[in-house]
Amino acid sequence: QVTTYRGLPDGNLAVLQAYIDADDAQSFYTLSWACDLDGTPLLVAAGSNAVIRVINCATEKLFKSFLGHGDSINEIRTQPLKPSLFISASKDESVRLWNVHTGICILIFAGGGGHRNEVLSVDFHPSDIYRIASCGMDNTVKIWSMKEFWPYVEKSFTWTDLPSKFPTKFVQFPLMTSVVHSNYVDCTRWLGDFILSKSVDNEIVLWEPKIKEQGPGEGSIDVLQKYPVPDCDIWFIKFSCDFHFNQLAIGNREGKIYVWEVQASPPVLITRLSSPQCKMPIRQTAVSFDGSTILACGEDGSIYRWDEVEHQAAKN
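The structure displayed is predicted, hence computed values, not measured ones.

Asks: I tried to follow unusual backbone geometry on my own but got confused; where do I start?
Replies: Trans peptide bonds make up most of the peptide bonds, and negative phi angles are found at most residues other than glycine. Residues Ser265 and Pro266 are joined by a peptide bond in cis, for which omega reads 0°. Turning to its location among the elements, Pro266 is positioned in the loop between strand E22 (257-261) and strand E23 (268-273).

As structure tokens, this is what we get:
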């Protein structure tokens, strides 16, 4: 099921809505907020059964279901500049770009230069609307451009025929494939033009991709700095940042959460959070817009909330 909560001022979480999926066997791995063209809040969720569910949180009804991926879906991300577009990363070795308004699969990033194993994480560049990054079980991080395919993105908003008749395009070759890690890469996020990524070796790496314009697929990397995370040596542990990328929160397999000041050099550990009840792996975290609240999701489905007492928002 998918549950939405309201974070109450007293530190508690109040359940707003809970959606039980029609497929009893479905396990949700990922979700992301999106919105329709009129600003309607939509929740996009997916997981083991390869079907993407879009829930309209205003009407409390299932808005759409998207079929296309051939295997489970590991991550969904919304385009921050156009929040009716989202991308999905799948075990079927592909990344897909969707239009939530029309239900169209616009682009499929796969093929010749694509991933050779499960895609575990994907992210839109914060300011370059054409650019995405993806990573996976083939130990690589790939940077892709949609620039030459952008007319199809525009066309997806005005398409009136059946979504299945849309001329979905394959993007076969990334701008660059980077081998920064020697094992599965399970989380990647842009930090401006730099990239944060992690594998299973107790650290997050910040690096700069240097794309050679003349030779697509070619390029080099400069590792800028590393953020150590002890006991973080199992895969499918995701980190997150606040809106302005001031802080990064990541859990580990012992139930502890490390909060780093992302843009400090060398990195500064802001705090280490722990709770006596929490001794299991923290699979995902979420940092609020201003960084004053951190949520952590334990392997058993429990959710932990931390609030920064000295934060400006708390004082107000």
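Asks: Please clarify how the domain arrangement of the chain should be interpreted in this entry.
Replies: In many analyses, interface size is given as the accessible surface area lost on bringing the parts together. In terms of domains, the chain is made up of domain 1 (2-228) and domain 2 (241-309). For domain 1 and domain 2, the distance between their C-alpha centroids amounts to 22 Å. Between domain 1 and domain 2, the contact holds 16 residues from the first and 17 residues from the second. Interface area for domain 1 against domain 2, summed over the two sides, is near 1200 Å², with a carbon-plus-sulfur share of 69%. Between the two partners, domain 1 and domain 2, sit zero salt bridges. Applying the counting criterion to the domain 1 and domain 2 interface returns seven residue pairs in polar contact (both at pLDDT 80 or more). Breaking the side of domain 1 that touches domain 2 down by element, the ones donating at least two residues are strand E1 (2-7), strand E16 (187-191), strand E17 (194-198) and strand E19 (219-228). Here the side of domain 1 that touches domain 2 is composed, by residue class, of 10 nonpolar, four polar and two charged.

Asks: Can you walk me through the packing of aromatic side chains in this structure?
Replies: Centre distance and the angle of the planes are the two values used to describe a pair of aromatic rings. Applying the stated criterion across every chain yields a total of 12 aromatic pairs. With centroids separated by 6.0 Å and ring planes inclined at 80°, the aromatic side chains of Trp235 and Phe236 adopt a geometry described as edge-to-face. The exposure class assigned to Trp235 is partly exposed, which follows from its relative accessible area of 34%. A connected cluster of aromatic rings, assembled from ring pairs, spans Tyr29, Tyr184, Trp235 and Phe236.

Asks: Hey, could you run me through the side chain of Ser134 in this one?
Replies: Within the element layout of this structure, Ser134 appears in strand E12 (residues 131-136). Judged by its relative accessible area of 0%, Ser134 is buried. A distance of 2.7 Å separates the side chain of Ser134 from the side chain of His115, its partner in a polar contact. At a separation of 2.9 Å, a polar atom in the side chain of Ser134 contacts the side chain of Trp144. Those residues within four positions of Ser134 in sequence are excluded, and the remaining contacts are Val95, His115, Val119, Ser121, Val122, Thr140, Val141, Lys142, Trp144 and Thr188.

Asks: What should I look at first to understand the sheet that holds strand E15 (residues 176-178) in this one?
Replies: Hydrogen bonding along the main chain pairs the strands of a sheet, whether they run parallel or antiparallel. Strand order across the open sheet formed by four strands is E11-E12-E13-E15, with antiparallel pairing between neighbours. Each edge of the open sheet carries a strand with a single partner, namely strand E11 (119-124) and E15. Strand-to-strand twist of the sheet, defined as the mean angle between neighbouring strand axes without regard to direction, takes the value 20°.

Basis of the calculations
- Residues numbered from 1 in each chain as written.
- Predicted model: local features only at pLDDT ≥ 70, side-chain atom pairs only at ≥ 80, totals over all residues.
- Heavy atoms only, no water.
- Helix = DSSP H or I, 4+ residues; strand = E, 2+ residues; numbered from the N terminus.
- Domains from an automatic or database assignment.
- Contact = heavy atoms within 4.5 Å.
- Buried area = accessible area lost by both parts, 1.4 Å probe.
- Salt bridge = Lys/Arg side-chain N within 4 Å of Asp/Glu carboxyl O.
- Polar contact = N/O pair within 3.5 Å; in protein donor to acceptor, adjacent residues only side chain to side chain.
- Nonpolar A, V, L, I, M, F, W, Y, C, P; charged D, E, K, R; others polar.
- Phe/Tyr/Trp six-rings, centres within 6.5 Å; stacked < 30°, edge-to-face > 60°.
- Buried < 20%, exposed > 50% of the residue type's maximum accessible area, 1.4 Å probe, protein only.
- Pairing = 2+ DSSP bridges.
- Axes fitted to C-alpha atoms, helices over the stretch in contact; angles between N-to-C directions.

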